[in-house]
Amino acid sequence: TTAESRLHRFAEYFSVARELQSRYQDSIRVLIGFETECCTGYIQHVESLRNRFQPDYIVGSIHHVRDIIIDWTPEQYAQASELVGGIDALYCEYFDQQHELITALRPKVIGHFDLIRMHDKDYRQRLEQPKIKERIRRNLELIKELGSILDFNLRAFEKGATEPYVSQSILQMALELGVLCAPGDDSHGVATVGLHLERGIEILQQTGFSTDWPVPSH
Ligand SMILES: [Zn+2]
């Protein structure tokens, strides 16, 4: 696909979604948004899409570090990690980029906050490293300050993870800081809408979150 055909498809998504939003407005409150990337030039690009399509909200997400995808193959993950000087450094850069993204775009939802752990089997210990943990805290404090919502991403279960994004230690810190959190299926199609939702709600309840879910608004 070319950039042009992707943009065409994106425009079609918005026009179909707006039509459905108005058709079902009496029975369902549908909000229409899109998820960001974080590659070179992304801030300007997202702002221009935002101006053109006027989404109800956006989801601020990162899938690349230094333009290398980190949630696809282990080889690409290793390549990104080598480029920045190791896995600890990769986490630090990921969370620094995330801070930049949230500051610049102020997304109402933060997608899969700790996706960087995806190909790291030692992630639980790594999340406790002071320089990583302090970045996590800093970013959560910013999310709290903006009143944005942490996505409790249940698609993680589909990819073999034993817990959602975010990990339990981060979820606990978010709760203590008063960050809003809501479960999300991150569905990529009709077939997986609502997948693992009960399991996610149960974890959030057990951790101490309210199930009066926050709604992203302007
Ligand atoms: Zn994503």
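Shown above is the structure to which this text applies.
Residues numbered from 1 in each chain as written. Predicted model: local features only at pLDDT ≥ 70, side-chain atom pairs only at ≥ 80, totals over all residues. Heavy atoms only, no water.

Chemist: Is there a simple way to explain the layout of surface pockets in this structure?
Modeler: Empty pockets left among the atoms are what a rolling probe the size of a water molecule brings to light. Each pocket or cavity is described by its volume, and for the second largest pocket that value is around 160 Å³. Arg117, Met118, Asp120, Lys121, Tyr123, Arg124, Lys159, Gly160, Ala161, Thr162 and Tyr165 together form the lining of the second largest pocket. (1 Å grid on protein atoms, 1.4 Å probe; cavity = no way out; pocket = protein on both sides within 12 Å on 5 of 7 lines; lining within 4 Å. Points joined across faces, edges and corners; volume = space filled by probe spheres on them.)

Chemist: Honestly, the packing of aromatic side chains in this entry has me stumped. Any pointers?
Modeler: Aromatic rings in a pair are described by how distant their centres are and how their planes are angled relative to each other. Counted by the stated rule, this structure contains nine aromatic pairs. Between Phe10 and Phe14, the ring centres sit 5.4 Å apart and the planes meet at 65°, which makes this aromatic pair edge-to-face. In this pair, Phe10 and Phe14 are both assigned in helix H1 (residues 3-23), four residues apart and thus about one turn of the helix distant. A relative accessible area of 3% means that Phe14 is categorised as buried. Geometrically, the ring pair formed by Phe10 and Phe53 is edge-to-face, given 5.1 Å between the ring centres and 85° between the ring planes. Here Phe10 is found in helix H1, whereas its partner Phe53 is found in helix H2 (residues 42-53), with 43 residues between them in sequence. By relative accessible area, Phe53 is classed as buried at 12%. (Phe/Tyr/Trp six-rings, centres within 6.5 Å; stacked < 30°, edge-to-face > 60°. Helix = DSSP H or I, 4+ residues; strand = E, 2+ residues; numbered from the N terminus. Buried < 20%, exposed > 50% of the residue type's maximum accessible area, 1.4 Å probe, protein only.)

Chemist: Looking at this structure, how should I read the sheet that holds strand E1 (residues 33-35)?
Modeler: Hydrogen bonding along the main chain pairs the strands of a sheet, whether they run parallel or antiparallel. Reading across the sheet, the five strands line up as E1-E2-E5-E6-E7 and stay open at both edges, with parallel pairing between neighbours. Bordering the open sheet on either side are E1 and strand E7 (180-184), each of which pairs with just one other strand. One ladder, built from five bridges, connects strand E6 (residues 149-153) with E7; its direction is parallel. Counterpart to Phe152 in the pairing with E7 is Pro183. Here helix H8 (residues 197-207) sits on the sheet and contacts E6 and E7; the angle it forms with E7, its principal contact strand, is near 160°. (Pairing = 2+ DSSP bridges. Contact = heavy atoms within 4.5 Å. Axes fitted to C-alpha atoms, helices over the stretch in contact; angles between N-to-C directions.)

Chemist: What exactly am I supposed to notice about the coordination of the zinc ion here?
Modeler: Tetrahedral coordination by four donors places them ideally at 109.5 degrees to one another around the metal; octahedral coordination by six donors ideally gives 90 or 180 degrees. Taken together, Glu35 (OE), His63 (NE2) and His112 (NE2) make up the full set of protein donors to the zinc ion, lying 2.1 to 2.2 Å away. One chain supplies every donor for the zinc ion, spaced along it as E-x27-H-x48-H. One end of the pair, Glu35, is in strand E1; the other, His112, is in the loop between strand E5 (109-110) and helix H5 (123-126), with 77 residues separating them in the sequence. His112 sits in the buried class, given a relative accessible area of 4%. (Donors = N, O, S within 2.8 Å, 3.2 Å for Na, K, Ca; no water.)

Chemist: Teacher, can you tell me more about the environment of Leu83 here?
Modeler: Relative to the assigned elements, Leu83 resides in helix H3 (residues 74-84). Residue class for Leu83 comes out partly exposed when judged on its relative accessible area of 48%. Distance from Leu83 to Leu127, taken between C-alpha atoms, is 20 Å for residues 44 residues apart in sequence. Once residues within four sequence positions are removed from consideration, Leu83 is found in contact with Arg66 and Ile68.

Chemist: Where do I start with the packing of H3 against helix H4 (residues 87-105) in this structure?
Modeler: Packed helices, taken two at a time, are described by their axes: the angle between them and the distance between them. Taken N-terminus to C-terminus, the directions of H3 and H4 make an angle of 90°; their axes are 8 Å apart at the nearest point. With respect to H4, the element H3 is oriented roughly perpendicular. Here Tyr77, Ala80, Ser81 and Val84 of H3 lie close against H4, whose contacting residues are Ile87, Ala89, Leu90, Tyr91 and Glu93. Grouping the amino acids of the contact of H3 with H4 by side-chain chemistry returns seven nonpolar, one polar and one charged. (Parallel < 35°, antiparallel > 145°, perpendicular 65-115°, else oblique. Nonpolar A, V, L, I, M, F, W, Y, C, P; charged D, E, K, R; others polar.)

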